[in-house]
Amino acid sequence: MSNRAKFVFLAATIGLCLSVSPGLAQQVSHQSSKAEHAHQKAQDPWWKHAVIYEIYPRSFQDSNGDGVGDINGITSRLDYVRDLGIDAIWISPMYPSPLVDFGYDISDYTAIDPLYGTLADFDRMVSEAKKRNIRVIMDFVPNHTSDQHPWFAESRSSRTNPKRDWYVWRDGKGPDQPPNNWQSWFGHSAWKLDPATSQHYYHHFYTEQPDLNWRNPQVRKAMYDAMRFWLDRGVAGFRIDAVSRLFEDPNLHDDPILPGKNAYGDPNIAHKYTDNLPEVHEVLREMRRVVDKYPGNPVLISEADEPNIAELTKMYGSKDDEVQLPMDFQIADVNRLSAPDFRRLLDEIDGNTAGGQPHYFFSNHDQPRQWDRYGDGVHNDQIAKLMAALLLTTRATPLMYYGEEIGMRTTTPARKEDVQDPIGKIGWPEEKGRDGERTPMQWDASKNAGFSTAERPWLPVPPSSAEYNVKAESQDPGSILSFYKRLLALRRSEPALRDGRYLPMNRDDPFVLAYLRKNPGSGDAILVVLNMSAESKTVRFDLAADGIKESSARPLIAAPEMGHESTQLNHFTIPAFGVFIGSVH
């Protein structure tokens with residue numbers, strides 16, 4: 001029987017029951033609601049309801065005492081990841097690399113850098129993760145390789161080499177002049193003159209990261225083969241790095257110049273001809289066809305810093321044939337506690353024309369941690385809980401960043417000589433790099449916070465680790481970690497949080513963001529109330545228009561704690577930066 005036929009049969013059965021007996025109808029309705037939920041759980045792809053956790057492998061756990069995190073270190077901490085309530089881990093690049101950009105400059109797409117371990121270590125990690133129902137997502141970097149990759153060594157060897165066209169080579173405008181005014185994301189011209197052949201190669205990022213030519217079918221085949229290599233080893237999908245930068249204007253038009261200068265002293269430009277070109281979507285469709293041939297619903301996650309939700313929506317594809325989870329930088333980069341801003345963006349993405357699953361995050365390896373971006377310096381711990389509630393109760397697949405759950409803070413180097421990140425070295429002091437958000441995971445209060453036995457890890461462990469660490473917070477029911485664990489457990493146990501629609505409440509409130517998560521066809525509903533101001537606020541909720549007659553809400557999670565008594569919805573007071581998550585069914 002087809003799914004549609006089953007649905008029609010179920011509907012007819014319920015209708016018959018309604019006509020026979022009110023009591024029986026109520027019983028069948030309740031049972032069918034459970035059956036519908038079980039059916040949806042069985043039918044939905046895993047990534048729709050997963051919580052994904054990014055691990056920066058250099059900084060998660062060092063297993064061999066060299067000061068750098070590694071694969072065996074990750075494996076040793078999988079019980080922690082499982083107990084936290086995580087469904088999948090995305091691991092930043094671990095491929096062989098000269099480490100100019102700490103792994104995003106890849107010299108071999110089908111191997112593991114010895115710094116992190118071996119392919120056997122990787123296979124064991126995937127196997128151990130699977131035993132704990134944790135999927136492993138690889139970071140895939142298609143835009144560029146390292147200049148140490150064998151492909152580029154061949155490409156630069158002569159103008160007639162078969163791999164010459166695997167990269168973007170052009171003549172300059174004149175002696176010592178680049179082909180045009182395109183700029184690298186990391187400062188200065190995006191063209192590098194190679195004296196051996198007297199041509200320039202294009203690099204959107206560092207000079208050591210030459211861009212691949214995605215107009216070349218051989219490049220595409222080689223990259224899709226690399227994806228298959230990891231899918232064959234059991235990975236559950238890919239986070240695709242810098243995907244909007246895959247193509248450049250073949251006519252080399254200059255980018256428009258904007259007012260002012262950037263942190264590197266260059267004129268500001270709009271990356272009109274090097275970002276978000278239409279051909280990107282053709283590649284995403286091809287990548288989707290690659291992963292769709294594998295069992296288990298492998299997922300594609302795109303890093304695409306789109307300028308608005310309309311452009312982000314295009315990443316899903318017109319027929320759900322591109323990326324399942326485009327990373328939503330619009331939500332991530334609000335960078336202030338603004339109920340109207342979040343409400344507007346949540347409305348836009350929830351109603352995206354592709355019907356795509358939203359994918360929210362607040363921190364990652366390229367952004368200062370949310371603790372600092374949204375905190376006010378006084379109520380940061382409470383605000384950390386508020387941001388956790390926002391991330392984990394909306395209708396989205398949430399992405400967490402390691403250490404977020406313990407309130408790790410950004411710890412920027414104080415001296416240029418301490419900087420590891422190349423952009424910090426290039427742009428100091430205006431640009432201090434990304435070391436601050438990549439410091440080692442804080443496991444306990446011992447030396448190096450339990451991250452490494454080395455005398456000096458690759459980045460220093462901040463003094464805040466004495467208070468903000470897994471061991472200490474696990475023993476404190478009021479800690480940020482304990483709050484995350486409760487939230488993640490609630491997300492799994494409440495069908496309305498897992499499957500329910502997103503229904504915004506109190507649309508004009510300037511300070512309080514509130515919404516319902518409601519299951520269609522059942523009474524299950526969860527009310528989420530987030531006070532984004534430094535003063536307590538009193539609000540009034542009337543849920544009748546949404547089919548809910550209840551006049552009170554039973555607290556499930558609140559911060560600060562509000563006790564177990566039901567709260568009246570017609571006069572609801574929520575403390576400064578308060579969180580309330582309650583049941584109204």
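This structure is a prediction, so every number in the text was calculated from the model and none was measured.

**Focus on the pairing of strand E8 (residues 257–261)**
With 0 of 5 residues buried, E8 is to be regarded as a mostly surface element. Bridge analysis of E8 against strand E9 (residues 267–269) gives 2 bridges, and the strand direction is antiparallel. Its bridge partner being in E9, Ile-257 is matched across the sheet by Ile-269. In this antiparallel pair of consecutive strands, E8 and E9, the connection spans 5 residues, and Gly-265 shows a positive phi of 85 degrees.

**A word on the sheet that holds strand E4 (residues 169–170)**
Within the open sheet, the 3 strands sit side by side as E4-E6-E5. Their pairing is antiparallel. In the strand order of this sheet, the two ends are held by E4 and strand E5 (191–194), each with one partner. Of the pairings in the sheet, the one linking E4 to strand E6 (residues 199–202) comprises 2 bridges and is antiparallel in character. If you follow Arg-170 over to E6, its bridge partner there is His-200.

**Some details on the sheet that holds strand E10 (residues 299–302)**
Backbone hydrogen bonds are what pair the strands of a sheet, in a parallel or an antiparallel way. An order of E11-E10-E7-E3-E2-E1-E13-E12 is seen for the 8 strands of this open sheet, with the pairing classed as parallel. Looking at strand neighbours, the two that pair on one side only are strand E11 (325–326) and strand E12 (359–361), the edges of this open sheet.

**Things to note about the packing of aromatic side chains**
In this description, an aromatic ring pair is defined by two values, namely the gap between the centres and the angle between the planes. Going through the model one piece at a time under the given rule, you end up with 33 aromatic pairs. Summarising the aromatic geometry, the rings of Phe-122 and Trp-230 are spaced 5.0 Å apart at their centres and angled 75 degrees between planes, so their arrangement reads as edge-to-face. One end of the pair, Phe-122, is in helix H5 (residues 119–131); the other, Trp-230, is in helix H7 (residues 217–232), and 108 residues separate them in sequence. Given the relative accessible area of 0%, Phe-122 is considered buried. An aromatic cluster of three or more residues is present, and its members are Tyr-95, Tyr-109, Phe-122, Phe-140, Trp-151, Trp-166, Phe-229, Trp-230 and Phe-238. Taking the ring centre of Trp-458 as reference, the NZ or CZ of Arg-58 above it sits at 4.2 Å. Geometry around Trp-428 places Lys-432 over its ring, the cationic atom sitting 5.4 Å from the centre.

**Let's talk about the pattern of salt bridges**
Tallying each qualifying case throughout the model produces 38 salt bridges. With its nearest N and O atoms 3.7 Å apart, the salt bridge here joins Asp-254 to Lys-173. Of this pair, Asp-254 sits in the loop between strand E7 (237–240) and E8 while Lys-173 sits in the loop between E4 and E5, placing them 81 residues apart in sequence. Residue classification places Asp-254 among the partly exposed residues on the basis of a relative accessible area of 37%. When the shortest N-O distance is used, the salt bridge between Asp-341 and Arg-336 registers 2.8 Å. A relative accessible area of 19% places Asp-341 in the buried class. The network of salt bridges with common partners includes Asp-79, Arg-82, Asp-83, Glu-128, Lys-131 and Arg-132.

Conventions adopted
Residues numbered from 1 in each chain as written. Predicted model: local features only at pLDDT ≥ 70, side-chain atom pairs only at ≥ 80, totals over all residues. Heavy atoms only, no water. Buried < 20%, exposed > 50% of the residue type's maximum accessible area, 1.4 Å probe, protein only. Helix = DSSP H or I, 4+ residues; strand = E, 2+ residues; numbered from the N terminus. Pairing = 2+ DSSP bridges. Phe/Tyr/Trp six-rings, centres within 6.5 Å; stacked < 30°, edge-to-face > 60°. Lys NZ or Arg CZ within 6 Å of the ring centre and 35° of its normal. Salt bridge = Lys/Arg side-chain N within 4 Å of Asp/Glu carboxyl O.

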